[in-house]
Amino acid sequence: MIERYTREEIGKVWSEVNKFKTWLQVELAVCSAWSKLGKIPKEAFEEIKKKTFVNEDVVQKIKDYERTYKHDVLAFISAISEQIPSYSHYFHMGLTSSDVVDTALALQMREALQIILKDVELVLEELKKLSFEHKHTLMMGRTHGVHAEPITLGIKFAVWYDEMKRNKERLLRAYESVSYGKLSGAVGTYSNLDPRVEQIALEELGLKVEPASTQIVHRDRHADLMYAIACCATSLEKFATEIRHLQRTEVLELQEPFTEGQRGSSAMPHKKNPIHSERICGLARVLRANLLVALENMVLWHERDISHSSAERIIIPDSTIALDYMLNLFLEILKGLVINEDRMMKNMELSYGLYASSKVLVILMEKGTPRDKAYEIVQRCAMKSWQEGIPFKEALLLDEEARSLLSPQDIQSATDPRSFLRNIDHIYQKVFGAL
């Protein structure tokens, strides 16, 4: 991922230094296991553990070797072996490259997910806070982009909160799915390894053993991760798209924060554009595309080829980095969101109170009016209201048939926007638990 969208903490997870440090962590866990089984003398293991390290200079040395070898793991082994010349014969003993790379990748994916899950928690906290702050902030609910019935801004935030909870669950399941390593050799048969090495080393690393590995950990696990990431990103796009719609000049109920000194357009100084919401929408497209690549990576020849390797070196770091960025950008939007309650009320008036049509329909049915007849009456009055630009309640009072069936109190009750929200506590209890 480009620097513009890379936050420092998660960027370090995918740095070259951290990658090779993680490879070394796996190698040392294997040496530790061999030592416990008596294959590596304890004093040799202590020396290996003490002398081996990775820093920028070591990374450069690895790159120098790789230019000749055309193989990054062998380059890594040579660079580290220089640090332990007396014990290099114990280093990478019995392993194949994917034992190290796949197991280390699991550790990096978990490290990245821990950051992302912290981000999700912060977004959930802010959405919950906003939901309760605006529990009773009336606004128009829309379907097909058209006025439907009143809701509150708090309910909208509660919907987003509930969806983000599901994204958290998906990410946690992905964390579990990728928490597997393998140290089983060239085709998964432990031809040069004691299976106990795998068990001991992976336990030390906090990973589980891939039950039926080949040369690799199977890529459906990585696809699980990429789905959880893409799904979370698409939820953020959904929320950002709503903010973009509500920031349109014709609506203007919500606005992104616009900071001191910020400029919206090189040509039009008056502009305040929803650029951050649009950025979230654009990055979500990238992450959905990356999911497709992850699904393609599941299909490999026989016990393994490396057609997946080049692709996932891009999509896994880029996708975790991008989601971390998107979550933090969305959090900034939420914290600085400009909420125009006056505009919400004015916009409700644009449809002359026609949002009450469903309530009037139910009242007529409760009074014994056949449904088709009730629908005909309400629709007729609604069309009169819309075409003549008069309040819906006035159209009902002017209609002789409606007036004969509905009392002024019925009409007043039906057209009160807050009457639509008598069950709001039930919604909040479902989403947030006991109030």
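Residues numbered from 1 in each chain as written. Predicted model: local features only at pLDDT ≥ 70, side-chain atom pairs only at ≥ 80, totals over all residues. Heavy atoms only, no water.

In the nomenclature of an unreviewed UniProt entry, the chain is known as Adenylosuccinate lyase of Hydrogenobacter hydrogenophilus.

Q: Would you take a moment to explain the environment of Asp318 for this structure?
A: With respect to the helices and strands, the residue Asp318 is situated in helix H11 (residues 307-335). Judged by relative accessible area, which is 17%, Asp318 ranks as buried. Residues Asp318 and Leu287, spaced 31 residues apart in sequence, show a C-alpha to C-alpha distance of 8.5 Å. (Helix = DSSP H or I, 4+ residues; strand = E, 2+ residues; numbered from the N terminus. Buried < 20%, exposed > 50% of the residue type's maximum accessible area, 1.4 Å probe, protein only.)

Q: Is there a simple way to explain helix H8 (residues 195-205) in this structure?
A: For the α-helix, the turn length of 3.6 residues means that residues three or four positions removed from each other point alike. The complete set of buried residues in H8 reads Val197, Glu198, Ala201, Leu202 and Leu205. Buried positions in H8, seen along its axis, are confined to an arc of 110° and lie on one side of it. Looking at the buried residues of H8, the elements they touch are helix H2 (16-36), helix H6 (97-133), strand E3 (180-181) and strand E4 (208-209). Trailing H8 by a residue or two, Gly206 shows a phi angle of about 80°, which is positive. (Arc of directions from axis to C-beta. Contact = heavy atoms within 4.5 Å.)

Q: What's the story with the domain arrangement of the chain in this structure? I'm lost.
A: Put simply, an interface is often sized by how much accessible area is lost when its parts join up. If you check the domain split of the chain, you get domain 1 (96-345) and domain 2 (351-432). Each of domain 1 and domain 2 was reduced to a C-alpha centroid, and the two centroids are 42 Å apart. Opposite the 19 residues of domain 1 that make contact, domain 2 presents 13 residues. Roughly 1500 Å² of surface becomes buried between domain 1 and domain 2 when both sides are summed, with 71% attributable to carbon and sulfur atoms. Considering only the side of domain 1, the residues that lose the most area to domain 2 are Lys135, Leu138 and Pro150, jointly responsible for 33% of the buried surface there. Applying the counting rule to domain 1 against domain 2 returns one salt bridge. Put simply, the parts of the chain that give the side of domain 1 that touches domain 2 at least two residues each are H6, strand E1 (138-143), strand E2 (146-152) and helix H7 (153-177). (Domains from an automatic or database assignment. Buried area = accessible area lost by both parts, 1.4 Å probe. Salt bridge = Lys/Arg side-chain N within 4 Å of Asp/Glu carboxyl O.)

Q: Help me out: how do you make sense of the layout of surface pockets in this one?
A: Once rolled over the atoms, a probe with the size of a water molecule shows which space is left empty. For the largest pocket, the calculated volume is near 800 Å³. What lines the largest pocket is a set of 32 residues, and nearest its centre among them are Gly141, Thr143, Val146, His147 and Ala148. The dominant element in the lining of the largest pocket, judged by the number of residues it contributes, is helix H14 (residues 371-388), at six residues. Each residue belonging to the lining of the largest pocket can be placed in one class, and the counts come to 15 nonpolar, 11 polar and six charged. (1 Å grid on protein atoms, 1.4 Å probe; cavity = no way out; pocket = protein on both sides within 12 Å on 5 of 7 lines; lining within 4 Å. Points joined across faces, edges and corners; volume = space filled by probe spheres on them. Nonpolar A, V, L, I, M, F, W, Y, C, P; charged D, E, K, R; others polar.)

Q: Can you walk me through the pattern of salt bridges in this structure?
A: Pairing is possible between side chains that carry opposite charge, provided their charged atoms lie close to one another. Counted by the stated rule, this structure contains 33 salt bridges. A salt bridge links Lys12 to Glu8, with the shortest nitrogen-to-oxygen separation between them at 3.4 Å. With Lys12 and Glu8 both in helix H1 (residues 8-13) and four residues apart, the pair spans about one turn of that helix. In this structure, Lys12 and Glu8 share a single accessibility class: exposed. Ionic contacts of the salt-bridge type, sharing partners, join the residues Lys373, Glu376, Arg380, Asp399 and Glu401 into one network.

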